[in-house]
Structures are given as structure tokens and as C-alpha cells.
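Spelled out from the first residue to the last, the chains are:
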Amino acid sequence: MAEGKSHGCDIIPTKDTHLFHLRVRFSEPKDTHTFVPIVSPVAAAYDCEVIYMTAASGQMQMRFSLAACYDLNLVLDGAAQVIPHMVFLDKRGSPAPSVGTARPVQSSYSETMIRCYNLDAERDEVEANCVVDDHFVVLCSIEVIRDGATSASWTEKEKELPDLGYDLAMMSHKQELADVVFDVDGESFDAHRLVLAARSPVFRAELYGPMTESKMPSITIQDMGASTFRSMLHYLYHGSLPKSGKADVSSTMTEYQHLLVAADRYGIERLKKICEDELCVSRDSITIDNVVSMLELAEVHICPTLKARCLDFLVDGENFKMVGTSCEYLHLMQALPSLLVEVRNRFKIAHERVMKPGAHKKSRIC
């Protein structure tokens, strides 16, 4: 996008082709009710136009229009939504959404060919918060959503705009504005500090607290597999786990165990609960081969539902015959004697339930 100038307005491109800055001379326009067209730049492959207007009441308006000169075929076949947006920048150059009122507006022209966005504010408010050297700056952006949606009115499309979760997921997918890198098991993952801090109290302390990692652009995570970290990162951005594909049940259960440990490590309680539920949902998830490791996992990471499932599995006499004499089971009971007490109590309760009808019958005969 080339830089353009018109009527005291500079168009300043950025590295992102979907964004540009408008640096506007505050003292213009001198006449009220005067529209000053700004040279139309090309951003994200779309032509656009910005108009600056003031009124006698002291009200000023910036209007950002995506005109009919972009790719009509792309719009008419419903393959994209094109969404303009504007926000004032404060005197430090940071977005100031509290200055003025921003809103999309319905064009009086063809619905499929015009997209408009208004940014209204009081001149006094802009002067106090945004004007430096008799200029203020507005950040203009264009978002193109190619979702294959059928053609709809601008009002209908506005109601269907992506939510915060979708926007965060897209940032993660595109690796836009990432400000930290995690090195995990030989792989690198770009992420956003603020997103991770909002989703995990441990990440918040690590990335914004007094810990050394808070000042490091790259952080190495030990004792975790890359696939586990990838799944955890996916959950932090999407609020759901990635699809497991065609993985067999055994490998899926193992991955859930690793992910539960990771979730507990970073204080992501809902993810931990999801993993626990997945480990319990299938009748085949607890087996002779994994019941001891599952029981240890449940005890160490405080997973009561999973622990109960493991104990129920063990009280089956045939299962315990195969597990109870294994070195793995004996080592676990030695390491966690309180767990041994629980196993014995569970056996006692189960035995009493079996014996109670017979004992009752015997007492009646006597």
C-alpha cells in the first residue's frame, strides 16, 4: 500500500496489509459541514476511502468506506465478508477505544458493494486525548472473512460476526502479534502472553510476575511432550481440544493422562476436568495394564472421579488377582500407604455388600 497525502492527511502504511494509519491535521477542515476526501489507499487488496467532517456543534466524524471498486466476484459469490474498523490512537500511540463512538453503518447504496464505518467524537475530547503537534492519528483496519457464507444483508452479517474465541483462535493460527516463543521437546510454539495469562494463573505469574521468564522472549518447558503442549495451547485459544483423528484408544488415553498432568501443572482446572472425564467415560479406559498408573495419576493430581473408577476396577476379584501381586502395584502401595488403606476399605465395603444378604438370612434361620 503506497503512502498518500491529501488535505493535510497522511496515509501511513504498516507491516500488516490489513492496517494503515491516518495522520490528520486537527485544524482542518476550517469550514463546518465540509467533507474532505482522503486519497483512497489499497489495503488487503481492497480500495477504500476515508472522509473527515466537522460540524458547528463541535462534533467531528471520520467515515471509513470500502467502495465498489474491489473484487465484485469475491463478494457476490458469498465467499467473503469485508469488515472495516476505526479507532483513535492516544498521544502515546496506543488504541483509545474510549474516545468517541465507533459503529458500522448501513450504506444507502448497494448492500453488496459498500461497507461503511463511522467514528464520531467531540473535538474537545479528541484534542485533549489524541492531538500531538496539531495532528491526530486514526488506526484503520480491514478484516476479510472468507467463510463460504451465502449472501446476506449487512445487518444480518453484523449479527454473525465472529466472537472473541474465534478471533483469538485465528490469531493463534496465523501467529499474528505473537510476543513469546515456547521451546518444547525440540519444537517451537508462538503464543501471546496476554492470552495465556488470562487462561492460566501459572502462565500469568510466569509471564508477568517477578519470575525470570517474564522478561524472556523464549521459554523452554521441560518434562512435557510437544504434542501435549500443542493440545494444551489449542485448548487455551479455542476452549476445546483438537480432534484426535484416527489414533487408537490406547494412545488417546495416554495422551489424556499427559494432558491432565499439564493442565494441573498450569492450573487449568476445566481442562483437567475434561481429561479426567475422558479417562472415565469409556468402559475400556481402565485396564489391567494401566490401572496402577491411572490410580497413581488420580491420587497425585487429586482426581476423585478417576480414583473411584480405578478402585471399583480393583475390587473385582479377578482383576485384583492379576494386578495385586505386580511389582508396579506393590511399589505404589509402599510409596502411598494412605492409598493402601483406601484399597483395603474399598474391599471391605464390597465384601460386606456381598455377605450382607447371606448373613441376614442366617440370622433369620437361627
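Rules used throughout
Residues numbered from 1 in each chain as written. Predicted model: local features only at pLDDT ≥ 70, side-chain atom pairs only at ≥ 80, totals over all residues. Heavy atoms only, no water. Salt bridge = Lys/Arg side-chain N within 4 Å of Asp/Glu carboxyl O. Helix = DSSP H or I, 4+ residues; strand = E, 2+ residues; numbered from the N terminus. Core = buried A, V, L, I, M, F, W, Y, C linked by side-chain atoms within 4.5 Å. Buried < 20%, exposed > 50% of the residue type's maximum accessible area, 1.4 Å probe, protein only. Domains from an automatic or database assignment. Contact = heavy atoms within 4.5 Å. pLDDT = per-residue confidence, 0-100. Pairing = 2+ DSSP bridges. Patch = residues over 30% accessible without salt bridge, like charges linked within 9 Å, V, L, I, M, F, W, Y side chains within 5 Å. Areas by Shrake-Rupley, 256 points an atom, 1.4 Å probe, with all protein chains shown as cover. Lys, Arg positive; Asp, Glu negative; His and termini not counted. Charge placed at Lys NZ, Arg CZ, Asp CG, Glu CD. Phe/Tyr/Trp six-rings, centres within 6.5 Å; stacked < 30°, edge-to-face > 60°. Lys NZ or Arg CZ within 6 Å of the ring centre and 35° of its normal. Axes fitted to C-alpha atoms, helices over the stretch in contact; angles between N-to-C directions. Parallel < 35°, antiparallel > 145°, perpendicular 65-115°, else oblique. Left-handed = near helix turned anticlockwise from the far one by under 90°. Nonpolar A, V, L, I, M, F, W, Y, C, P; charged D, E, K, R; others polar.

Trainee: Talk me through the pattern of salt bridges; I want residue IDs and the actual numbers.
Mentor: Summed over the entire model, instances satisfying the criterion amount to 8 salt bridges. Between Glu299 and Lys307 there is a salt bridge; the shortest N-O distance is 2.6 Å. Of the charged contacts in the structure, one is a salt bridge between Lys307 and Glu342, with a shortest N-O distance of 2.5 Å. Linking Lys307 in helix α11 (residues 304-314) with Glu342 in helix α14 (residues 337-365), this pair joins segments that are 35 residues apart in sequence.

Trainee: Summarise the nonpolar core; cite the residues concerned and give the values.
Mentor: With 50 residues, the main nonpolar core has Phe182, Leu196, Phe203, Phe229, Met232 and Leu306 as its most contacted residues. Looking at which element gives the most residues to this core, the answer is helix α7 (residues 226-238), with 7 residues. Two domains each donate at least three residues to this core, and these are domain 2 (164-285) and domain 3 (288-354). Aside from chain neighbours lying at most four places away, what touches Phe203 is Phe182, Leu196, Ala197, Tyr208, Phe229, Met232, Leu236 and Tyr266. Membership of the second largest hydrophobic core comes to 23 residues, among which are Cys9, Met62, Leu119 and Val138.

Trainee: Account for the confidence of the model for the protein, naming residues and giving values.
Mentor: Predicted coordinates in regions of low pLDDT should not be interpreted in detail. Counting all residues, the mean pLDDT for the protein is 75, and 64% of those residues have values of 70 or more. Scored below 50 in pLDDT, residues 1-6 makes 16 contacts in the model with residues more than four places away or belonging to other chains. Scored below 50 in pLDDT, residues 68-79 shows 27 contacts in the model against residues more than four places distant or in partner chains.

Trainee: Summarise the pairing of strand β14 (residues 218-221); cite the residues concerned and give the values.
Mentor: Here β14 shows a buried face lined by Ile219 and Ile221 and an unburied face lined by Ser218 and Thr220. As judged from the 4 bridges shared by strand β12 (residues 180-184) and β14, these two strands associate in the parallel manner. Looking at β14, one finds that Phe182 is bridged to Ile219.

Trainee: Could you give me a rundown of a negative patch on the surface, with the residues and numbers involved?
Mentor: Judged by side-chain charge, Glu122, Asp124, Glu127, Asp133 and Asp134 come together as a negatively charged surface patch. Mapped onto the secondary structure, Glu122 falls in strand β10 (residues 115-122). On the basis of relative accessible area, Glu122 is assigned to the partly exposed category, the value being 39%.

Trainee: Account for the packing of aromatic side chains, naming residues and giving values.
Mentor: Under the definition given, this model contains 7 aromatic pairs. An angle of 45 degrees between the planes, with centres 5.3 Å apart, marks the rings of Phe182 and Phe229 as tilted. Pair noted here: Phe182 is in strand β12 and Phe229 is in helix α7, with a separation of 47 residues, a long-range link. Taking relative accessible area as the criterion, Phe182 reaches 0% and is therefore assigned buried. Judged by centre distance (5.6 Å) and plane angle (90 degrees), the rings of Phe320 and Tyr329 are edge-to-face. Owing to a relative accessible area of 25%, Phe320 belongs among the partly exposed residues under this scheme. For Tyr329, a relative accessible area of 5% puts it in the buried group. Sitting above the plane of the Phe26 ring, Arg123 keeps its charged end 4.2 Å from the centroid.

Trainee: Help me get a handle on the packing of helix α10 (residues 291-300) against helix α13 (residues 327-335), residues and values and all.
Mentor: The relative placement of two packed helices is expressed as an angle between their axes plus a distance between the axes. Running from amino to carboxyl end, α10 crosses α13 at an angle of 20 degrees, the nearest separation of the two axes being 9 Å. Judged by the angle between their axes, α10 and α13 are roughly parallel. Judged by the sense of rotation from one axis to the other, the crossing of α10 with α13 is left-handed. Contact residues: Val292, Ser293, Leu295 and Glu296 in α10; Glu328, Tyr329, Leu332 and Met333 in α13. Classifying every residue of the contact of α10 with α13 by side-chain character gives 5 nonpolar, 1 polar and 2 charged.

Trainee: Can you break down unusual backbone geometry residue by residue, with the values?
Mentor: Of note in the backbone geometry, Asp134 takes a positive phi value of approximately 60 degrees without being a glycine. Backbone geometry places Ile302, a non-glycine residue, at a positive phi of 55 degrees. If you trace the backbone, Ile302 turns up in the loop between α10 and α11.

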